[in-house]
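Spelled out from the first residue to the last, the chains are:
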Amino acid sequence: MSVTSEKKIAPPVHLDHNLNSDRMREFLAVVRAESISAAARTLNLPRATLSRRISTLEADLGVRLIHRRTNRLTLTEAGEELRLRAQRIVEDVTETWNAVRRLDDTPRGLLRVSVTGPYFTKLFTGFLCDFPEVRLEVQSTTRHVDLLSEGVDVAIRIGPVKDQNLIARRLHTDRLVAVASPQYLKQHAAPSAPEELNEHNCIVGFAGEWTPSKSWPLLDGGSIPVGGRLSANEIELVMHAVLEGVGIALLPSAVAAPHLESGALVPLLTDTVGTEIPISLVYVDREFIDPKVRIFVDKAVDVISSEMPKPHRFESTS
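The residue numbering used here restarts from 1 in each chain and proceeds along that chain's sequence as written. In view of the model being predicted, local features appear only for residues whose pLDDT reaches at least 70, and side-chain atom pairs are presented and counted only at 80 or more, with totals across whole chains, interfaces and linings using the full set of residues. Hydrogens and waters are ignored; side-chain quantities use all the structure's heavy atoms.

**Some words on the nonpolar core**
By nonpolar core we mean a set of buried residues, namely Ala, Val, Leu, Ile, Met, Phe, Trp, Tyr and Cys, connected to one another through side-chain atoms within 4.5 Å. To sort residues, take the accessible area from a 1.4 Å probe on protein chains only and compare it with the maximum for the residue type: under 20% means buried, over 50% means exposed, and anything in between is partly exposed. In terms of nonpolar packing, the biggest core is built from 23 residues, with Leu281 and Phe296 touching the most fellow members. Secondary structure elements are defined from DSSP: runs of H or I of at least 4 residues count as helices, runs of E of at least 2 residues count as strands, and each element is numbered from the N terminus. Secondary-structure elements contributing two or more residues to this core are strand S4 (109-115), helix H5 (121-130), strand S6 (154-158), strand S13 (276-284) and helix H10 (291-307). If one sorts the elements of this core by residue count, H10 sits on top with eight residues. Discounting residues that sit within four places of it in the chain, Phe296 has contacts with Leu111, Val113, Leu123, Phe124, Phe127, Val154 and Pro291. We call two residues in contact whenever any of their non-hydrogen atoms come within 4.5 Å of each other.

Structure (structure tokens):
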């Protein structure tokens, strides 16, 4: 909305000038929608009722807040001032309301969770059944999301947690292992040393948005250059590709374990290539942790620790 100047109007003497948070919410809804009709639908009010309340608000304050035009509404200077102050007040009232409700320790409201991997169905369905006042939004991605800027409450993260603003609760530790299919190894001699990986088609992830990784970690803390025809961060795609003989992949041992045990995949260079990877629950470090976050984390630690596939154990070949 644009802002126009408007002279004050005298308030009727019989009105009480009571400006409560509900009236400010209604005013802000009209401002956001730029339409009384649209705001009325959002608030589930009759249009005539909302229009009358806005007119009464203007009368109570003794100023014109909104200039009504045919196609749109325009805020007056007084309307813009009320918008700024009302927004802060409504936010404070909302936070106060939520803070007091949180004292009963009952999870409620929207919980956003970012996950990596397909192992958490029981956790989410169980949490919804146990806490009917919770709405759950779950997004699966291998990207390390920014919890604060993206409004995510909890993330299940693979790899080190470096952000000092986050609390990390370790679930367990796995390790990455290089694997290939017998089909691939029939056509290409298995590498006997890490340096020989650059002669193979390695399936790699991404170091950035669209920048394929150019190295794999070594157990001694170094890295080795790799490259190949396929770059992907979708674990199921990588697994399918390596099983089909496309190339060598670096996978969490727990993910590869069933195929290693069946012989569908063969471990390579287990004494030299790979690294340990922590799997953690992370959430923002705040003075007061919302019950839905705290209770979800506690439940997740128990459920995920029991549901996650167990890491494969390798015997030393040295």
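**Here's the deal with unusual backbone geometry**
One non-glycine residue, Asn44, lies in positive phi territory at about 60°. Considering the arrangement of structural elements, one finds Asn44 in the loop between helix H2 (36-43) and helix H3 (47-61). Even without being a glycine, Leu269 presents a positive backbone phi close to 50°. Among the structural elements, Leu269 can be located in the loop between strand S12 (266-268) and S13. Under the relative-accessibility criterion, Leu269 is labelled buried at 13%.

**Considerations on the packing of helix H1 (residues 21-33) against H3**
H3 packs onto H1 with a crossing angle of 115° between their chain directions and a minimal axis gap of 10 Å. Relative to H3, H1 is oriented roughly perpendicular. Handedness of the H1/H3 crossing: left-handed. Contact with H1, carried on its side by Arg23, Glu26, Phe27 and Val30, involves Leu50, Arg53, Ile54, Thr56, Leu57 and Asp60 of H3 and no other residues of that element. Residues are grouped as follows: nonpolar covers Ala, Val, Leu, Ile, Met, Phe, Trp, Tyr, Cys and Pro; charged covers Asp, Glu, Lys and Arg; every other residue, Gly included, is treated as polar. For the contact of H1 with H3, the residue count by class is five nonpolar, one polar and four charged. What counts as an axis is a line fitted to C-alpha atoms, over the stretch in contact for a helix, and the angles between N-to-C directions run from 0 to 180 degrees. Angle categories are assigned with fixed cut-offs, so that under 35 degrees is roughly parallel, over 145 is roughly antiparallel, 65 to 115 is roughly perpendicular, and the rest are oblique. By definition, turning the near helix anticlockwise from the far helix through less than a right angle yields a left-handed crossing, and turning it clockwise yields a right-handed one.

**Focus: the pattern of salt bridges**
The term salt bridge refers to a pairing of a side-chain nitrogen on Lys or Arg with a carboxyl oxygen on Asp or Glu at a separation within 4 Å. What the rule picks out here adds up to 11 salt bridges. Glu137 is the salt-bridge partner of Arg112, the closest N and O atoms lying 2.7 Å from each other. Taken together, the residues span a long stretch of sequence, with Arg112 in strand S4 and Glu137 in strand S5 (residues 134-140) at a distance of 25 residues. Its relative accessible area of 33% is what places Arg112 among the partly exposed residues. In this structure, the salt-bridge partner of Asp298 is Arg169, at a minimum N-O distance of 2.8 Å. With Asp298 in helix H10 and Arg169 in strand S7 (residues 166-180), the pair connects residues that are 129 residues apart, well separated along the chain. What makes Asp298 partly exposed here is its relative accessible area of 34%. A relative accessible area of 29% places Arg169 in the partly exposed class.

**What about the confidence of the model for the protein?**
Predictor confidence is given residue by residue as pLDDT, running from a minimum of 0 to a maximum of 100. This prediction gives the protein a mean pLDDT of 85; 88% of its residues lie at or above 70. The weakest mean pLDDT in the protein belongs to strand S1 (residues 3-4) at 52; the strongest belongs to strand S8 (residues 202-203) at 98. Low pLDDT, under 50, characterises residues 5-16; the predicted model gives this stretch 20 contacts beyond four residues in sequence or across chains.

**Some details on the packing of H1 against H2**
Here H1 crosses H2 at 125°, and the two axes come no closer than 8 Å. By the angle between their axes, H1 is oblique relative to H2. For the element pair H1 and H2, the recorded crossing hand is right-handed. The segment H1 lies against H2, with Glu26, Ala29, Val30 and Ala33 engaging Ile36, Ala38, Ala39 and Leu43. The class makeup of the residues in the contact of H1 with H2 is seven nonpolar, no polar and one charged.

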